[in-house]
Amino acid sequence: MKILEVLRENGRISVAALAERVGISRANAYTRFEALRADGAIKRFTAEIDHVRAGLGITALIFVTVRQQMWKQFRAELARMPEVEYCAITTGQHDAMIQVRVSDVAAVHTMVTDRLANIPAVKATETVFILDEVLRRPYVLPSDRDASRPVRRTPQETQGDVPLGKMRFVGAAEGRAALRKDD
């Protein structure tokens, strides 16, 4: 996990620097790195670009409702659209969510009304423009969740006043004992 954390910050780091950051030998770092690649945990390396500077200043999410018997056609048509950065099959009101990056609002309009609407597999669309991308991580790791998880305190540590707007954790056994006292 430490190797993946370091690579998330800098995918071009040398093996020697990676070993130093993780606290292992250079040979061990190289062996572990190659094992992650061979195992498929590391799929590929890529560059992160500034979309605005690349001329793609408009990002939109297009939610699509697909005619259920026509998924194969929908996927084939979508693969031919170079402005589609991401597509996910979803649950809920819509069947898929497409993220597109284009040069202007007119390009989104053309894509939705001329291209997507003309695919027989597409039943309906709903478009949402992204105003600001607040957070974009290259990937998340199980260790990220562990680091942000609050430390659980014992009931003895939580005795006393609870600050306004905060809740006090009451363990199940402690809660049951309090209920029995009231009977």
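Residues numbered from 1 in each chain as written. Predicted model: local features only at pLDDT ≥ 70, side-chain atom pairs only at ≥ 80, totals over all residues. Heavy atoms only, no water.

Undergrad: In this structure, what is going on with the nonpolar core? I would like to understand it.
TA: In a soluble, globular protein the nonpolar side chains are often hidden away together inside. Ranked by internal contacts, the top residues of the largest apolar core, which has 20 residues, are Ile62, Val64, Phe74, Met81, Val84, Ile98 and Val100. Of all the secondary-structure elements, those providing two or more residues to this core are strand 1 (58-66), helix 4 (71-79), strand 3 (96-102) and helix 5 (105-116). Ile13, Ile24, Ala29 and Phe33 belong to the second-largest nonpolar core, a separate cluster that totals 13 residues. (Core = buried A, V, L, I, M, F, W, Y, C linked by side-chain atoms within 4.5 Å. Buried < 20%, exposed > 50% of the residue type's maximum accessible area, 1.4 Å probe, protein only. Helix = DSSP H or I, 4+ residues; strand = E, 2+ residues; numbered from the N terminus.)

Undergrad: What exactly am I supposed to notice about the sheet that holds strand 2 (residues 84-89) here?
TA: Strands belonging to one sheet form pairs held by backbone hydrogen bonds; the direction of such a pair is parallel or antiparallel. Pairing is antiparallel in the open sheet, where four strands are placed in the order 2-3-1-4. Looking at which strands have only one partner, the edges of the open sheet turn out to be strand 2 and strand 4 (122-129). Pairs of neighbouring strands in the sheet enclose a mean axial angle of 20°, with direction left out of account. Note: strand 1 against strand 4, seven bridges, orientation antiparallel. Along strand 4, the bridge assignment pairs Ala60 with Phe129. (Pairing = 2+ DSSP bridges. Axes fitted to C-alpha atoms, helices over the stretch in contact; angles between N-to-C directions.)

Undergrad: For this particular structure, what's the right way to read the packing of aromatic side chains?
TA: In this description, an aromatic ring pair is defined by two values, namely the gap between the centres and the angle between the planes. Per the stated rule, a full pass over the model turns up two aromatic pairs. A centroid spacing of 5.8 Å and a plane angle of 85° characterise the contact between Trp71 and Phe74, whose relative ring orientation is edge-to-face. Pair noted here: Trp71 and Phe74 are both in helix 4, with a separation of three residues, about one helical turn. Assigned by exposure class, Trp71 and Phe74 land together as buried. (Phe/Tyr/Trp six-rings, centres within 6.5 Å; stacked < 30°, edge-to-face > 60°.)

Undergrad: I tried to follow the side chain of Glu83 on my own but got confused; where do I start?
TA: With respect to the secondary-structure elements, Glu83 resides in the loop between helix 4 and strand 2. Exposure remark for Glu83: the relative accessible area of 17% places this residue in the buried category. When neighbours within four sequence positions are excluded, Glu83 is seen to be in contact with Gln99, Val100, Arg101, Val102, Met111 and Arg115. (Contact = heavy atoms within 4.5 Å.)

Undergrad: What am I meant to see in the pattern of salt bridges here?
TA: It is possible for side chains of opposite charge to pair when their charged atoms get near one another. In this structure the tally under the stated criterion is ten salt bridges. The closest approach of N and O atoms between Asp50 and Arg53, which form a salt bridge, is 3.8 Å. Take Asp50: its relative accessible area is 41%, and that puts it in the partly exposed class. Under the relative-accessibility criterion, Arg53 is labelled exposed at 77%. Each member of the salt-bridge network shares a partner with another, and the members are Glu85, Arg101, Glu133 and Arg136. (Salt bridge = Lys/Arg side-chain N within 4 Å of Asp/Glu carboxyl O.)

Undergrad: Just checking my understanding: could you explain the pairing of strand 3 for this structure?
TA: Judged by how many residues are buried, strand 3 sits mostly within the fold: seven of seven residues are covered. With burial as the criterion, each face of strand 3 is covered, one bearing Ala96, Ile98, Val100 and Val102 and the other bearing Met97, Gln99 and Arg101. The sheet contact formed by strand 1 and strand 3 spans seven bridges and is antiparallel. Within strand 3, the position partnered with Ala60 by the bridge is Val100. Pairing geometry for strand 2 and strand 3, over five bridges, is antiparallel. Within strand 3, the position partnered with Ala88 by the bridge is Met97. Here strand 2 folds back onto strand 3, and the loop between the two strands holds six residues, one of which, Gly92, carries a positive phi near 100°.

Undergrad: Would you mind going over the side chain of His51 with me for this structure?
TA: For His51, the location among the structural elements is in the loop between helix 3 (26-39) and strand 1. The residues contacting His51, other than those within four sequence positions of it, are Leu56, Gly57, Glu85 and Arg101.

Undergrad: Quick question: what am I supposed to make of the packing of helix 1 (residues 2-9) against helix 3 here?
TA: When two helices pack together, their arrangement is given by the angle between the helix axes and by the axis-to-axis distance. Running from N to C, helix 1 and helix 3 cross one another at 80°; their axes reach a closest spacing of 11 Å. Overall, the two elements helix 1 and helix 3 adopt an arrangement that is roughly perpendicular. Residues Ile3, Leu4 and Leu7 of helix 1 touch helix 3, and the partners they reach there are Ala29, Arg32, Phe33 and Leu36. Within the contact of helix 1 with helix 3, the residues separate by chemical class into six nonpolar, no polar and one charged. (Parallel < 35°, antiparallel > 145°, perpendicular 65-115°, else oblique. Nonpolar A, V, L, I, M, F, W, Y, C, P; charged D, E, K, R; others polar.)

This is a description of form; function is not addressed.
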